[in-house]
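Chains, contacts and geometry: an overview
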Amino acid sequence: MRASDILEAWRGHLGDDRRRSPHTVRAYVGTAGRLLEELGDTDWSALARLDAAALRGQLALRRAEGIGNVSAARELSALKAFIRFARERSGQPDPSPPRLRGPRIKKGLPRPVTPDEAVNLAAMVGDSGVEEWIGARDRAVLLLLYGAGMRIAEALSLTGAALPLGDAITVTGKGNKQRVVPLLPIVRDAVSDYLGKCPFPAERDQPLFRGARGGPLAPGMVQKAMARARIALGLPASATPHALRHSFATHLLGAGADLRSLQELLGHASLGSTQIYTKVDAAVLLDVYRNAHPREQS
């Protein structure tokens, strides 16, 4: 079987079936391509038989190319997802990938979640759900936090009355104050993907996001899912669901948003809260200075 056919099937699964972001699709297909290049001619059955030793060997090759622990953790996640897909294609009753612990990540100073890390966290959570609809659910919640700046309680308080989703959504925040926030296409698509897979109907007076038994989804379940994804990706303990909302704010501020507009998007009662919430790390300011100051350009 040609490697190009395998990669095309993998790309279609990620993009069409799992609705992963273009960034994630490129990264995961790239990982699979490197594995196939090492294996040569192969097929789904042969890929399904790959064990932990084979994945460890592939990671060793990437290590020899100079990738660090964080990149290696992401590479391992992509390899496991690819092997799971191969085992599903070959008809194995248990498609679970080989058990292999990722590299140890040195604990350092907390750092902000970058846009790529936010998307990777959501993708990892989506791939790691105990059931496909649960993974889609958790991914949709995280993208609401990062893509719309919601608090986790605000996202979980949404009901079927919010449907159908448009270009914006009304959010009820602290003190029952309502605000309108825009929705990016990737966020709308993630929610639609979840709704299409959820076994429970989206009723106007029922929670939009359901627990495994159909009741309201508890915040702790989302927090646990993100913690597992954070560890797998080698991100710091500061990468929590609330950090996604913080990242939403800091990234908008860095892109030129004014504090008043940001205050409205976040639902803060006072501008002071927004100023505190969007403090930029001194190291980031130093990087900006080094990149922008005329003397640093000479």
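For the structure itself, look to the data block above.
Residues numbered from 1 in each chain as written. Predicted model: local features only at pLDDT ≥ 70, side-chain atom pairs only at ≥ 80, totals over all residues. Heavy atoms only, no water.

**Some remarks on the overall build of the protein**
Scanning the protein from terminus to terminus reveals 15 helices and 2 strands. A buried classification covers 42% of the 298 residues belonging to the protein. Expressed as a percentage of contacts within the protein between residues at least 6 apart in sequence, the contacts between residues at least 24 apart total 62%. In the form shown here, the protein has an accessible surface area of approximately 15,900 Å², with 53% of it arising from carbon and sulfur atoms. (Helix = DSSP H or I, 4+ residues; strand = E, 2+ residues; numbered from the N terminus. Buried < 20%, exposed > 50% of the residue type's maximum accessible area, 1.4 Å probe, protein only. Contact = heavy atoms within 4.5 Å. Areas by Shrake-Rupley, 256 points an atom, 1.4 Å probe, with all protein chains shown as cover.)

**Section: the nonpolar core**
If you look at the biggest cluster of nonpolar residues, it comprises 42 residues, and the most contacted ones within it are L121, L142, L144, M150, F209 and L244. With 11 residues, helix α7 (residues 132–148) is the single largest residue contributor to this core. Those residues in contact with L144 that lie beyond four places of it in its chain are G149, M150, A155, L158, L183, V187, V191 and F209. Core analysis: the second largest hydrophobic core is formed by 25 residues, L50, L76, F82 and F85 among them. (Core = buried A, V, L, I, M, F, W, Y, C linked by side-chain atoms within 4.5 Å.)

**Concerning α7**
Residues separated by three or four positions in an α-helix point in the same direction, a consequence of the helix having 3.6 residues per turn. Over its 17 residues, α7 runs 24 Å from end to end, which matches the ideal 24 Å to within 8%, given 1.5 Å per residue. Judged by how many residues are buried, α7 sits mostly within the fold: 16 of 17 residues are covered. Positive backbone phi, at 70 degrees, marks G149, one or two positions downstream of α7. (Expected span 1.5 Å × (residues − 1).)

**Structural notes on the packing of helix α2 (residues 22–39) against helix α5 (residues 69–89)**
It is the contact of α2 with α5, at a shortest axis distance of 9 Å, that shows an interaxial angle of 75 degrees. On the basis of their axis angle, the class for α2 and α5 is roughly perpendicular. When α2 is examined against α5, the residues Y28, T31, A32, R34 and L35 are found in contact with a partner set consisting of E75, S77, A78, L79, A81, F82 and I83. A per-class count over the contact of α2 with α5 returns 8 nonpolar, 2 polar and 2 charged. (Axes fitted to C-alpha atoms, helices over the stretch in contact; angles between N-to-C directions. Parallel < 35°, antiparallel > 145°, perpendicular 65-115°, else oblique. Nonpolar A, V, L, I, M, F, W, Y, C, P; charged D, E, K, R; others polar.)

**Quick word on the packing of aromatic side chains**
For the structure shown, the criterion picks out 8 aromatic pairs. Note on W10 and Y28: the rings are 6.4 Å apart at their centroids and 25 degrees apart in plane angle, and the pair reads as stacked. Of this pair, W10 sits in helix α1 (residues 3–17) while Y28 sits in helix α2; the two residues are 18 residues apart in sequence, bridging distant segments of the chain. Each of the two residues, W10 as well as Y28, counts as buried. Centroid distance W133 to F200: 5.8 Å. Interplanar angle 80 degrees. Geometry classified as edge-to-face. Of this pair, W133 sits in helix α7 while F200 sits in the loop between α9 (185–197) and α10 (219–233), and the two are 67 residues apart along the sequence. Grouped by ring-pair contacts, the aromatic residues W10, Y28, W44, F82 and F85 constitute a single cluster. (Phe/Tyr/Trp six-rings, centres within 6.5 Å; stacked < 30°, edge-to-face > 60°.)

**Looking at the packing of α1 against α5**
Two elements in contact, α1 and α5, have axes separated by 11 Å at closest approach and are oriented at 105 degrees. Viewed along their axes, α1 and α5 adopt a mutual orientation that is roughly perpendicular. Together, I6, A9, W10 and H13 of α1 and A78, A81, F82, F85 and R89 of α5 make up the contact between the two elements. Taken together, the residues that form the contact of α1 with α5 break down as 7 nonpolar, 1 polar and 1 charged.

**Brief notes about the side chain of R87**
Structurally, R87 can be placed in helix α5. Although R87 is buried, it makes no salt bridge; D94 carries the closest opposite charge, 6.7 Å away. With near-sequence residues (within four places) excluded, R87 lies in contact with A48, L50, Q92, P95, S96, P97 and P98. (Lys, Arg positive; Asp, Glu negative; His and termini not counted. Salt bridge = Lys/Arg side-chain N within 4 Å of Asp/Glu carboxyl O.)

**Some remarks on the pattern of salt bridges**
Applying the stated criterion to the full structure yields 14 salt bridges. The partner of E117 in a salt bridge is R74, and the shortest N-O contact between them spans 3.7 Å. With a gap of 43 residues between them, E117 in helix α6 (residues 115–128) and R74 in helix α5 connect regions that are remote in the sequence. For E117, a relative accessible area of 5% puts it in the buried group. Of the charged contacts, one joins R137 and D138 as a salt bridge, the two residues approaching to 2.9 Å between their closest N and O atoms. Members of the salt-bridge network, linked through shared partners, are R18, D127, E132, D193 and K197.

**Remarks on the pairing of strand β1 (residues 168–172)**
Of the two faces of β1, only the one carrying I169 and V171 is buried; A168, T170 and T172 on the other face are not. Looking at chain direction, β1 and strand β2 (residues 178–182) are connected through 5 bridges and run antiparallel. Following the sheet pairing, T172 is matched in β2 by Q178. The hairpin turn running from β1 into β2, its antiparallel successor, is 5 residues long, and G175 in that turn takes a positive phi close to 70 degrees. (Pairing = 2+ DSSP bridges.)

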